[in-house]
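So you can see what is in the structure, the chains are spelled out below.
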Amino acid sequence: MRVVIAGGHGKIARLVHRELAARGDTTVGLIRNPDHAAALTAAGARPVVADLEHLGVADLAGHLTGADAVIFAAGAGPGSGAARKDTVDRAAAALLADAAQTAGVRRYLQISSIGVDRDPPAGTDPVFVAYLRAKKAAEDDLTRRDLDWTVLRPGRLTDDDPAGRITLDRQVPRGAVTRADVAAVLVALLDTPATAGLTLELVAGPTPIADAVRQVTPS
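Nothing here was measured: the structure is a model prediction, and the numbers come from that model.

Enquirer: Break down the pairing of strand β3 (residues 46-49) for me, with residues and values.
Expert: In this sheet, β3 lies alongside strand β2 (residues 26-31) in parallel orientation, the contact comprising four bridges. The partner of Ile-31 across the bridge, within β3, is Val-49. The parallel pair β2 and β3 is bridged by helix α2 (residues 37-42), and the resulting crossover is right-handed.

The following block contains the structure:
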């Protein structure tokens, strides 16, 4: 496969790059900061500087030509305000979807967040609320499109070693999951086209990743 990942320098994205490159697939990482190019090359990816906050659909579509799938793994990141939650977590996701449609790339995987469809508890930090709303708006935009989309909503992310065992379903109890396991699930979803049209929540659990993906895949 040839897979293009927006937010290509993120921790999850770099893990996906490594896993895909190790098995002979080609990955392209879209990055905003050219200083991140070396890290992507080390992960086995081809870095492409493409600032999704300042790029048009046609230019972005040019970077997607010939891809088998795209993954939206970008985010405004910690320390950013509510405005950038909207321009990155929502608007950049929609831009990537526009570009995928323009380039004829049907498979689109989007990393969202568990809890986006529930009201946050009273007193929740307003910037985090803005983040959840941006992620949900990005989901709503994507799921209306004629694309073979899958939305993955991980729980609280950790940098622990991968467990290789998860709980994956349309709704799961809140919990944590390692970034490495999220990356492995994304690769498994890429390998399972029949998961298109599903919105799945993901936390650590007892089930091997391949079995968990198989269990949620429509027969």
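On we go.
Enquirer: Explain the environment of Ala-183 to me, using residue names and the numbers behind them.
Expert: Counting through the fold element by element, Ala-183 comes out in helix α6 (residues 179-190). Accessibility expressed as a relative area gives 1% for Ala-183, which makes it buried. Residues Ala-183 and His-17 lie 166 residues apart in sequence; the distance between their C-alpha atoms is 9.0 Å. Apart from residues lying up to four places away in sequence, Ala-183 is in contact with Ile-12, Leu-15, Val-16 and Glu-19.

Enquirer: Help me get a handle on the pattern of salt bridges, residues and values and all.
Expert: With the rule as written, the count across this model stands at 19 salt bridges. For Asp-89, the salt bridge goes to Lys-135, with nearest N and O atoms at 3.2 Å. Of this pair, Asp-89 sits in helix α4 (residues 82-103) while Lys-135 sits in helix α5 (residues 126-143), placing them 46 residues apart in sequence. When sorted by exposure, Asp-89 lands in the same class as Lys-135, which is buried. Connected through salt bridges with shared partners, the residues Asp-117, Arg-118, Glu-139, Arg-153 and Glu-201 form a single ionic network.

Enquirer: Describe helix α3 (residues 57-64), naming the residues involved and giving the relevant values.
Expert: Buried within α3 are the following residues: Leu-60, Ala-61 and Leu-64. Viewed end-on, α3 has its buried residues packed into an arc of 105°, placing them on one side of the element. Exposed positions of α3 whose direction lies more than 90 degrees from the buried face are Ala-58 and Asp-59. Gly-66 sits one or two residues past α3 and shows a positive phi near 85°.

Enquirer: Give me the lowdown on the pairing of strand β4 (residues 69-72), citing residues and values where you can.
Expert: Residues Ala-69 and Ile-71 of β4 are buried on one face, and the alternating residues Val-70 and Phe-72, pointing to the opposite face, are buried as well. Bridge count between strand β1 (residues 2-6) and β4: four bridges; the pairing is parallel. Looking across to β4, one finds that Val-3 is bridged to Ala-69. The pairing of β4 with strand β5 (residues 107-111) spans four bridges and is classified as parallel. What sits directly across from Ile-71, in β5, is Leu-109.

Enquirer: Would you mind going over the sheet that holds β2 in detail, with residue names and values included?
Expert: With respect to topology, nine strands assemble into an open sheet ordered β3-β2-β1-β4-β5-β6-β10-β8-β11, the strand pairing being mixed. Taken across any chain shown, the strands that pair with only one partner, and hence form the sheet edges, are β3 and β11 (207-208). Pairing geometry for strand β8 (residues 165-169) and strand β10 (residues 198-204), over four bridges, is antiparallel. By the bridge assignment, Asp-169 is partnered in β10 with Glu-201. Across the face of the sheet, α5 comes into contact with β4, β5, β6 (148-154) and β10 while running at roughly 160° to β6.

Cut-offs applied
Residues numbered from 1 in each chain as written. Predicted model: local features only at pLDDT ≥ 70, side-chain atom pairs only at ≥ 80, totals over all residues. Heavy atoms only, no water. Pairing = 2+ DSSP bridges. Helix = DSSP H or I, 4+ residues; strand = E, 2+ residues; numbered from the N terminus. Right-handed = clockwise from strand over helix to strand, strands pointing away. Buried < 20%, exposed > 50% of the residue type's maximum accessible area, 1.4 Å probe, protein only. Contact = heavy atoms within 4.5 Å. Salt bridge = Lys/Arg side-chain N within 4 Å of Asp/Glu carboxyl O. Arc of directions from axis to C-beta. Axes fitted to C-alpha atoms, helices over the stretch in contact; angles between N-to-C directions.

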